[in-house]
Amino acid sequence: MKGNSYYSRKLHSLLGVIPLGLFIVEHGLTNYMAFEGGPEGFDSGVKLLNSLPLVWVLELFLIFLPLLFHGIYGLYVAYQSNVNTGQFKYGRNWAFMWQRISGVITFIFVFWHVYQTRWQVAIGNVSHEELGSHMHEIATNPFYFILYIIGVIAAVFHFSNGMWAFLVSWGITVGPRAQKISSYIWMGVFVLVAALFLLSLVAFRGDEFKEAAAAALAWSNIG
């Protein structure tokens, strides 16, 4: 590493934990309420999130700007990476390769998802109350549904595997035994969180959200 690339990579690693972790926790909890409570549960989760003071300021400085730096610098790191799975077929080499690939997919997916949801709310095309119906339209589109599955799995893998690498690079899990235990823990996190998101996507395709979308359309026609 030359110049200040060491510090840039450390900052990139740290900001991957903060924004991506917050983004996944925020979305995981809110979206899973669609599976647990249907449209009413999802709407209550959205209202709770948006009732936080200065929510846009918090999202801008704690999630979106750090995520932008992490994503752009991550693309630079991925471009410079030397993938050596052809020479060395160890599991961590494959994880290294998929970390870079999943990072690119996650970067595209997150900003596409934000454009489809938060940006549409910001410009007035969709209200907070219509987000559940809007997600139903997205989830029932076969093309979008497949892309969301790919994007969700890539994002959760990138976060989980990135947390394993973060603990190693910051000197928290030093020995082989600690790293092996950490790999099991974060593998479990990956399975659990990915399942929560996939259940949420399935819930958005359900009849309850279909009825809510029809009601929202009828109300907009009356208005």
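It should be emphasised that the depicted structure is a prediction, and the values quoted were computed from it without experimental measurement.

**As for the packing of helix 1 (residues 5–50) against helix 2 (residues 55–80)**
Helix 2 packs onto helix 1 with a crossing angle of 130° between their chain directions and a minimal axis gap of 8 Å. Compared by their axis directions, helix 1 and helix 2 come out oblique. In this structure, the crossing between helix 1 and helix 2 has a hand that is left-handed. Looking at the contact of helix 1 with helix 2 residue by residue, the classes come out as 17 nonpolar, eight polar and three charged.

**What to know about the confidence of the model for the protein**
Across the protein, the average pLDDT comes to 82, with 88% of residues at 70 or higher. Considering only residues more than four positions removed or in separate chains, one finds that residues 219–223, a stretch of pLDDT under 50, has zero contacts.

**So, the nonpolar core**
Residues F42 and F204 are the most contacted members of the largest nonpolar core, which totals 35 residues. Beyond its immediate stretch of four places on either side in the chain, F204 contacts N31, A34, F42, G132, M135, H136, A139 and F209.

**Quick look at helix 6 (residues 142–169)**
An α-helical turn contains 3.6 residues, so a residue and the one three or four places further along point in the same direction. Helix length check: helix 6, at 28 residues, gives a terminal C-alpha distance of 40 Å against a target of 40 Å (1.5 Å per residue), a fit within 8%. Two to three positions downstream of the cap, the backbone nitrogen of F143 sits 3.0 Å from a side-chain oxygen, assigning the N-cap of helix 6 to N141. Once helix 6 ends, the next one or two residues include G171, with phi positive near 75°.

**Things to note about the environment of I172**
Turning to its location among the elements, I172 is positioned in the loop between helix 6 and helix 7 (176–204). Apart from residues lying up to four places away in sequence, I172 is in contact with F166 and L167.

**Some words on the environment of F145**
By secondary structure assignment, the location of F145 is in helix 6. On the basis of relative accessibility, which here comes to 17%, the residue F145 falls in the buried class. For the pair formed by F145 and R205, sequence separation is 60 residues and the distance between their alpha carbons is 9.4 Å. Apart from residues no more than four positions distant in its own chain, F145 is found in contact with I138, A139, L201 and R205.

**Considerations on the side chain of H27**
Locating H27 in the fold gives a position in helix 1. When near neighbours in sequence (up to four residues on either side) are disregarded, H27 contacts Y32, H113 and F197.

**Some words on the packing of aromatic side chains**
In total, this model carries 13 aromatic pairs according to the counting rule given. One aromatic cluster is present, formed by F109, W112, F143, Y144 and Y148 through successive ring pairs. Above the face of the W170 ring, K10 is positioned so that its terminal group lies 4.9 Å from the ring centre. One residue, R205, lies across the ring of F145, its end atom 4.3 Å from the ring centre.

Parameters and conventions
- Residues numbered from 1 in each chain as written.
- Predicted model: local features only at pLDDT ≥ 70, side-chain atom pairs only at ≥ 80, totals over all residues.
- Heavy atoms only, no water.
- Axes fitted to C-alpha atoms, helices over the stretch in contact; angles between N-to-C directions.
- Helix = DSSP H or I, 4+ residues; strand = E, 2+ residues; numbered from the N terminus.
- Parallel < 35°, antiparallel > 145°, perpendicular 65-115°, else oblique.
- Left-handed = near helix turned anticlockwise from the far one by under 90°.
- Nonpolar A, V, L, I, M, F, W, Y, C, P; charged D, E, K, R; others polar.
- pLDDT = per-residue confidence, 0-100.
- Contact = heavy atoms within 4.5 Å.
- Core = buried A, V, L, I, M, F, W, Y, C linked by side-chain atoms within 4.5 Å.
- Buried < 20%, exposed > 50% of the residue type's maximum accessible area, 1.4 Å probe, protein only.
- Expected span 1.5 Å × (residues − 1).
- Polar contact = N/O pair within 3.5 Å; in protein donor to acceptor, adjacent residues only side chain to side chain.
- Phe/Tyr/Trp six-rings, centres within 6.5 Å; stacked < 30°, edge-to-face > 60°.
- Lys NZ or Arg CZ within 6 Å of the ring centre and 35° of its normal.

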